[in-house]
Amino acid sequence: MTEITRVPLQPIAKGSLTKIWLGVAAIALAAGGVAYAAMPPAVHVETLTAGSGDSPTMDDVVLINYKGTLPSGKVFDQAQQVPMALGEVVPGFSKALVKMQRGGKYKVEIPSSLAYGDKAVGDIPANTDLTFEIELLDFKSRAEIEQQQRIMQQLQQMQMQGAHGEQGAAAPAHP
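Keep in mind that what you see is a predicted model, and the values were worked out from it rather than measured.

This part takes up the pattern of salt bridges. Taken as a whole and judged by the stated rule, the model has 4 salt bridges. With a shortest N-O distance of 4.0 Å, Asp-123 and Lys-74 are connected by a salt bridge. Separated by 49 residues along the polypeptide, Asp-123 in the loop between strand 4 (105-110) and strand 5 (130-141) and Lys-74 in the loop between strand 2 (60-69) and strand 3 (75-85) bring together distant segments of the chain. With a relative accessible area of 47%, Asp-123 lands in the partly exposed category.

Here it is in structure tokens:
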């Protein structure tokens, strides 16, 4: 039979337990900081006026009012009732819009890596974070937009055909 060697445990010195827990807490905080630093950049969306209903998807076209500012507060772009396809704007802008609801107004902060990155565009210097105030007026799917465009084209063709018919009827007849 094997013999078990007994090793007596040493008593923990006074105050050591507190030091151990402080060490564990410090390690946990350091790990959290590393995890936070490794997170991909995110878009921050603050609701100024709540909207209602569904949110647009990446396949939708939105109708918005917006104002874009640089960190200095300088306005670099603004427009009213602008249609935009979400799949055709900078990633940060589309990431923000899919978090919005029709009728809402929002303040959006986009980190440079989700905006124009290391490229200068117009009045926007390279590596610049952007801030927008966006009001989501409406949105529709691409299919709905295409359907509306087809209807408009058909109406225009009908009007043109009607105009040609009226011109022919208005021409005087020669005896």
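So, next bit.
Time to look at the sheet that holds strand 4. A sheet is described by the order of its strands in space; here 5 strands give the open sequence 1-4-5-2-3, paired in antiparallel fashion. The open sheet has two edge strands with one neighbour each: strand 1 (44-49) and strand 3. With direction set aside, neighbouring strand axes in the sheet form an average angle of 25°. As judged from the 8 bridges shared by strand 2 and strand 3, these two strands associate in the antiparallel manner. Bridge pairing in strand 3 links Val-62 to Met-84.

The next point concerns the nonpolar core. With 26 residues, the main nonpolar core has Ile-64, Phe-93, Val-108, Phe-132 and Ile-134 as its most contacted residues. At the level of elements, strand 2, strand 3, helix 2 (91-97), strand 4 and strand 5 are the ones that each hand at least two residues to this core. Per-element tally for this core: the top contributor is strand 5, with 5 residues. In contact with Phe-132, other than residues within four places in its own chain, are Tyr-66, Lys-67, Gly-68, Phe-76, Phe-93, Tyr-106, Lys-107, Val-108 and Ile-110.

It is worth spelling out the confidence of the model for the protein at this point. Residues of the protein with pLDDT of at least 70 account for 82%, and the chain-wide mean is 84. For the protein, per-element mean pLDDT is lowest for helix 1 (residues 16-38), which scores 72, and highest for strand 4, which scores 96.

Right, let's get into the packing of aromatic side chains. Counted by the stated rule, this structure contains 4 aromatic pairs. With 6.3 Å between their ring centres and 80° between their planes, Tyr-66 and Phe-93 make a pair best called edge-to-face. Here the residue Tyr-66 occupies a position in strand 2, and Phe-93 occupies one in helix 2, the gap between them amounting to 27 residues. For the pair Tyr-66 and Phe-132, a centre-to-centre distance of 6.3 Å together with 55° between the ring planes defines the contact as tilted. Remark: Phe-132 occurs in strand 5 and Tyr-66 occurs in strand 2; sequence separation between them is 66 residues. Here the two residues Tyr-66 and Phe-132 agree in accessibility, since each one is buried.

By the element assignment, Thr-69 lies in strand 2. Residues within four places of Thr-69 in sequence aside, it is in contact with Lys-74, Val-75, Phe-76, Leu-130 and Thr-131.

A word on the pairing of strand 5. When a strand is regular, its side chains alternate between the sheet's two faces. Examined bridge by bridge, strand 2 and strand 5 share 10 bridges and lie antiparallel to one another. In the strand pairing of strand 5, Tyr-66 is matched with Ile-134. As paired strands, strand 4 and strand 5 are joined by 6 bridges and run antiparallel to one another. Pairing of Lys-107 across the sheet is with Glu-133, part of strand 5.

What counts and what doesn't
- Residues numbered from 1 in each chain as written.
- Predicted model: local features only at pLDDT ≥ 70, side-chain atom pairs only at ≥ 80, totals over all residues.
- Heavy atoms only, no water.
- Salt bridge = Lys/Arg side-chain N within 4 Å of Asp/Glu carboxyl O.
- Helix = DSSP H or I, 4+ residues; strand = E, 2+ residues; numbered from the N terminus.
- Buried < 20%, exposed > 50% of the residue type's maximum accessible area, 1.4 Å probe, protein only.
- Pairing = 2+ DSSP bridges.
- Axes fitted to C-alpha atoms, helices over the stretch in contact; angles between N-to-C directions.
- Core = buried A, V, L, I, M, F, W, Y, C linked by side-chain atoms within 4.5 Å.
- Contact = heavy atoms within 4.5 Å.
- pLDDT = per-residue confidence, 0-100.
- Phe/Tyr/Trp six-rings, centres within 6.5 Å; stacked < 30°, edge-to-face > 60°.

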